[in-house]
Amino acid sequence: MEPWEKLNALHLDALKEIGNIGAGNAATALASMLGSRIQMTVPRAGVLPLQEITALVGYEEDPVACVEFTVSGPAPSKIFFLLSEPSAYLLIDLLLGKPQGTTRELDEMGSSVLTELGNILTGSFLNAFAEFCRLEFKPTVPAFAFDMLGAVLSSAFLEGGYFSDCALVIETKFYSEAITISGHFFLIPENEALGKILQSLGLQLD
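Keep in mind that this is a model prediction, so the values were computed, not measured.

Rules of the game
- Residues numbered from 1 in each chain as written.
- Predicted model: local features only at pLDDT ≥ 70, side-chain atom pairs only at ≥ 80, totals over all residues.
- Heavy atoms only, no water.
- Helix = DSSP H or I, 4+ residues; strand = E, 2+ residues; numbered from the N terminus.
- Buried < 20%, exposed > 50% of the residue type's maximum accessible area, 1.4 Å probe, protein only.
- Contact = heavy atoms within 4.5 Å.
- Areas by Shrake-Rupley, 256 points an atom, 1.4 Å probe, with all protein chains shown as cover.
- Lys, Arg positive; Asp, Glu negative; His and termini not counted.
- Charge placed at Lys NZ, Arg CZ, Asp CG, Glu CD.
- Axes fitted to C-alpha atoms, helices over the stretch in contact; angles between N-to-C directions.
- Parallel < 35°, antiparallel > 145°, perpendicular 65-115°, else oblique.
- Nonpolar A, V, L, I, M, F, W, Y, C, P; charged D, E, K, R; others polar.
- Core = buried A, V, L, I, M, F, W, Y, C linked by side-chain atoms within 4.5 Å.
- Arc of directions from axis to C-beta.
- Salt bridge = Lys/Arg side-chain N within 4 Å of Asp/Glu carboxyl O.

Concerning the overall build of the protein chain
- Counting its regular elements, the protein chain contains six helices and seven strands.
- For the protein chain, the sequential pattern of α-helices and β-strands runs α-β-α-β-β-α-α-β-β-α-β-β-α.
- By its C-alpha atoms, the protein chain is 55 × 30 × 30 Å across when sized along the principal axes.
- In the protein chain, buried positions account for 47% of the 206 residues.
- Considering only intrachain contacts with a sequence separation of at least 6, the fraction spanning at least 24 residues in the protein chain is 74%.
- Of the accessible surface of the protein chain, which amounts to about 9,900 Å², a share of 51% is contributed by carbon and sulfur atoms.
- With 11 positive and 25 negative side-chain charges, the protein chain shows a spacing of 6 Å between the two charge centroids.

So, in structure tokens, the structure goes:
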């Protein structure tokens with residue numbers, strides 16, 4: 001039996017709480033970067049298999065921006081921050097001080113802006129996660145990809161071959177009076193890492 005299959009409602013509640021705290025931290029970081037008040041909701045959080053994750057974000061052919069980190073430490077994992085194409089272009093315009101709708105394709109400057117944004121937001125997410133779990137997470141330098149959703153997620157799950165076919169998914173929506181940004185955080189712990197994360201919260205996988 002996979003570790004994911006042993007999760008009960010108590011485990012999932014704890015993981016959702018971590019997701020809420022992490023995403024809240026990321027929203028604060030985004031508000032600071034944009035210089036405006038940003039609200040955050042986590043409409044959905046839970047553990048899903050690859051097929052359902054793809055459907056949650058969109059269609060396999062949808063272009064997405066993805067910032068990926070490999071995380072070392074006591075609970076080795078991968079973490080991804082995904083943005084839909086419209087959200088990615090909107091953020092580039094906002095962060096570069098351009099009128100909304102200016103960016104219509106991704107260039108080198110846009111890629112650089114999104115990589116740095118992903119770095120800051122994922123770092124904020126991980127810091128909250130680490131503090132809550134009292135575990136140390138050491139992220140690598142981020143890798144950026146702009147590709148079809150199906151290709152991005154497939155490579156994420158297949159790379160290394162030892163990562164689970166499920167992930168902790170935190171769907172995050174950032175919004176202010178003028179904008180709505182749809183983003184997703186995915187945490188894919190190695191199999192033993194999931195137990196360590198739960199153990200740090202005083203929970204056991206039977």
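From this point, things continue past the structure.
Considering the packing of helix α1 (residues 9–34) against helix α6 (residues 191–200)
- Closest axis-to-axis distance for the α1/α6 pair is 11 Å, and the angle between their directions is 85°. By the angle class used here, α1 and α6 are roughly perpendicular. Counting all contacts with α1, which are made through H11, L15 and I18, the residues of α6 involved are L194, I197 and L198.
- For the contact of α1 with α6, the residue count by class is five nonpolar, one polar and no charged.

Some details on the nonpolar core
- Within the largest apolar cluster, 50 residues are counted, with the highest numbers of intra-cluster contacts made by L30, L83 and I197.
- Top element by residues in this core is α1. It accounts for ten residues.
- Aside from chain neighbours lying at most four places away, what touches I197 is L15, I18, A75, F129, C133, L135, L187 and P189.
- Core analysis: the next-biggest nonpolar cluster, separate from the first, contains 14 residues, I53, V64, A167 and F186 among them.

A few points about α6
- Among the residues of α6, A193, L194, I197, L198 and S200 are the ones counted as buried. Buried residues of α6, seen end-on, are gathered within an arc of 160° and therefore sit on one face of the element.
- In the core, the buried residues of α6 are packed alongside α1, β3 (77–84), α4 (108–133) and β7 (180–189).

Notes on the pattern of salt bridges
- Going through the model one piece at a time under the given rule, you end up with one salt bridge.
- A salt bridge links E68 to K78; the shortest N-O distance between them is 2.9 Å. Placement of E68 in strand β2 (residues 63–72) and of K78 in strand β3 is noted, with a sequence separation of ten residues between them. Of the two residues, E68 and K78, neither departs from the other in class, the shared state being buried.

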